[in-house]
Amino acid sequence: MISGAEALMRCFKEEKVDTIFGYPGGFIIPAFDALYSYQDVFKFILTRHEQGAIHAAQGYARVSGKPGLVMVTSGPAATNIVTGAADAMMDSTPLVIITGQSTVAQLGTDSFQETDVIGITQPVTKWSYQVRRAEDLPWAVARAFYIAREGRPGPVVLDISKDAQVQMLDFHYEPCRFIRSYQPYPQPDTSAMREAAALINAAERPLAVVGQGVQLGHAIQELYAFLEKADIPAASTLMGLSIMDENYPLNMGMVGMHGNVAPNRQTNACDVLIAIGMRFSDRVTGNIQSYAPQAKIIHLDIDPSEINKNVKVDVAIVADVKTSLPALTALVNKAKHQDWIASFAPYRQQEYDEVISKDLHPQHTALSMAEVLKCLSDTSGEKATLVADVGQNQMISARYFSASPQRQFIASGGLGTMGFGFPAAIGAALGNPEAETYAVCGDGGIQMTIQELGTILQYQMPVKLIILNNSYLGMVRQWQELFWQERYSSTPMVNPDFVKIAQAYGIAAASVEKRENLQAAIQEMVAHQGPYLLEVKVEQHGLVYPMIPAGSPISHIILGKDKA
């Protein structure tokens, strides 16, 4: 007979957990006491805020492919993880979140640090369950890992009462391999496969839009085989940027609000659109009524709830892309679409002439954000992970950091969570220690989770933090400039000395604002052993182009002020 808290640790060991992120507190003390005896089994990362813990777990999960594990106490600790849970739900990130809870007798009495964790988290998780008895712990943990990991990944919450942690049980662990009501891997419909293949074989201007589902499904090689056989140009969503190499001949760039001109334009010129592991976010489609109205649309996705949710499709293939892509490839004809692929080139040249060249070679003396990211991309190693925060820094990172399966790009996509970048980079560094790990943040987003400097101090994690400081909440300021008559309401920021803050944490730091010093500063940061903070003071009124205004057709692409 062992305690529930001890059983919890043994469950984690059975699930081959190696890293736990979290923060202790009153109603989770029994579990942390049990953890004390497992210091040689699990690496526990004490973050400085529960939000930091869950974002770190997200970063860990995104690069490792394994569920991130978070353990916090009840009440405010549990509510502090809700933002990360919602973020993970929208971005299909597998998490197992353990929250402490008051005793069963106190439930519903508004006792100290009691909150309705299940009621709060059910809308933003795949499964939320309250464990009231120790004997239920092994079953609940096994089920939690299975649900988080299998099918379309996502977050799961186990709210564990203090009773369940201190009661005794006869421990036995059985991994979960099946839940009758949950079918994570539906089999593709053969008639739908044939119908999709017929559309592709008849297409003259096919276009594939590739989302994170291909990466989550470990189907990158299957994607390449499909594209190459049918000679189909492809574009990535923001979340799919690490799937295709930037120089892959069929890779036409990124679609979406700040995506590349060519794939956005050609979305409304293709005759067949093949959506693979993506969910037709409004940031990709713009105005839905004008999104690819001329095209037959084929949608490959593991989650049936995504089919026809935003965009009505002609053929749906509901299955894991690891299964559906090879089956579809076998049915399509070997083809050549040279003229169609060549038609992307003028738009790519237009974007280079009117946007990229000006971003990388500005006429003003102030540094542009693009210069910084291009320099970082060129200087960092063959294996690098860039974790972006949210805002202009995120879009510039997506546009100018060369991503590939070896050089991952990680960002908060669906929820757009400021403060995500820095703690997620901490988790990413632990999830893939062989890669160099960089966090790119704006001066606004970094101050939401800057206390995690204490985490990289304590564990001496080699995370390199780049702060693009323009003294504004940059993306909101951009919208105010373009659409709100330059009324900069509550977006100018008075910032602290970021270098001194880093130095107070014992972390090496530097600041740069002159172009002639940028490359040397980035080289010094990359070469430095251990954590490092580099503040780059960039132009205050920089804008991210191209841009499709929210709610506009994707054909309404702004390339600069007064240029559409």
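Quantities reported herein were computed from a predicted structural model and do not represent experimental measurements.

### Considerations on the overall build of the protein
- When you go through the protein residue by residue, the secondary structure sums to 23 helices and 20 strands.
- When the backbone C-alpha atoms are referred to their principal axes, the protein occupies close to 70 × 60 × 40 Å.
- The burial tally for the protein puts 61% of its 564 residues in the buried class.
- Put simply, of all contacts in the protein between residues at least 6 apart along the chain, 77% involve residues at least 24 apart.
- When the accessible surface of the protein is totalled, it reaches about 22300 Å², and 51% of it is carbon and sulfur.
- Charge separation in the protein, taken as the distance between the mean sites of 43 positive and 56 negative side-chain charges, equals 2 Å.

### Considering the pattern of salt bridges
- Enumeration over the complete set of coordinates arrives at 16 salt bridges.
- The shortest N-O distance in the salt bridge between R149 and E150 comes to 2.9 Å.
- With relative accessibility at 30%, the residue R149 sits in the partly exposed group.
- Its salt-bridge partner being R152, residue E306 comes within 2.7 Å of it at the nearest N-O pair.

### What to know about the domain arrangement of the protein
- By the assigned domains, the protein splits into domain 1 (2-169), domain 2 (190-343) and domain 3 (365-538).
- Relative placement of domain 1 and domain 2: their C-alpha centres are 37 Å apart.
- Each partner contributes residues to the interface: domain 1 has 7 residues there, and domain 2 has 7 residues.
- The junction of domain 1 with domain 2 conceals about 640 Å² of combined surface from both sides, 53% of it contributed by carbon and sulfur atoms.

### Some details on the sheet that holds strand β12 (residues 272-276)
- Strand order in the open sheet made by the 6 strands is β11-β10-β9-β12-β13-β14, with parallel pairing throughout. For this open sheet the edge positions go to β11 (251-254) and β14 (315-318), each flanked by a neighbour on one side alone. Pairs of neighbouring strands in the sheet enclose a mean axial angle of 20°, with direction left out of account.
- The pairing of strand β9 (residues 206-210) with β12 spans 5 bridges and is classified as parallel. Among the inter-strand pairings, A208 is bridged to a residue of β12, identified as I274.
- Of the strands in this sheet, β12, β13 (296-301) and β14 are in contact with helix α9 (residues 190-202), which crosses β14 at around 130°.

### Thoughts on the pairing of β12
- Of all 5 residues in β12, 5 are buried; the element is thus mostly enclosed.
- Direction of pairing for β12 relative to β13: parallel, over a ladder of 5 bridges. Counted as the bridge partner of L273 is I297 from β13.

### Description of the packing of aromatic side chains
- For the structure on display, the rule yields 14 aromatic pairs.
- Measuring from ring centre to ring centre gives 6.1 Å for W127 and W139, while their planes differ by 85°; the resulting arrangement is edge-to-face. One end of the pair, W127, is in strand β6 (residues 127-131); the other, W139, is in helix α7 (residues 137-149), with 12 residues separating them in the sequence.
- Taking relative accessible area as the criterion, W139 reaches 44% and is therefore assigned partly exposed.
- Among the aromatic side chains, those forming a connected cluster through ring pairs are F12, Y38 and F42.
- Just above the ring of W127 sits the side chain of R143; from NZ or CZ to the centre is 5.3 Å.
- Stacked on the ring of Y472, the Lys or Arg R477 has its end atom at 5.6 Å from the ring centre.

Rules used throughout
- Residues numbered from 1 in each chain as written.
- Predicted model: local features only at pLDDT ≥ 70, side-chain atom pairs only at ≥ 80, totals over all residues.
- Heavy atoms only, no water.
- Helix = DSSP H or I, 4+ residues; strand = E, 2+ residues; numbered from the N terminus.
- Buried < 20%, exposed > 50% of the residue type's maximum accessible area, 1.4 Å probe, protein only.
- Contact = heavy atoms within 4.5 Å.
- Areas by Shrake-Rupley, 256 points an atom, 1.4 Å probe, with all protein chains shown as cover.
- Lys, Arg positive; Asp, Glu negative; His and termini not counted.
- Charge placed at Lys NZ, Arg CZ, Asp CG, Glu CD.
- Salt bridge = Lys/Arg side-chain N within 4 Å of Asp/Glu carboxyl O.
- Domains from an automatic or database assignment.
- Buried area = accessible area lost by both parts, 1.4 Å probe.
- Pairing = 2+ DSSP bridges.
- Axes fitted to C-alpha atoms, helices over the stretch in contact; angles between N-to-C directions.
- Phe/Tyr/Trp six-rings, centres within 6.5 Å; stacked < 30°, edge-to-face > 60°.
- Lys NZ or Arg CZ within 6 Å of the ring centre and 35° of its normal.

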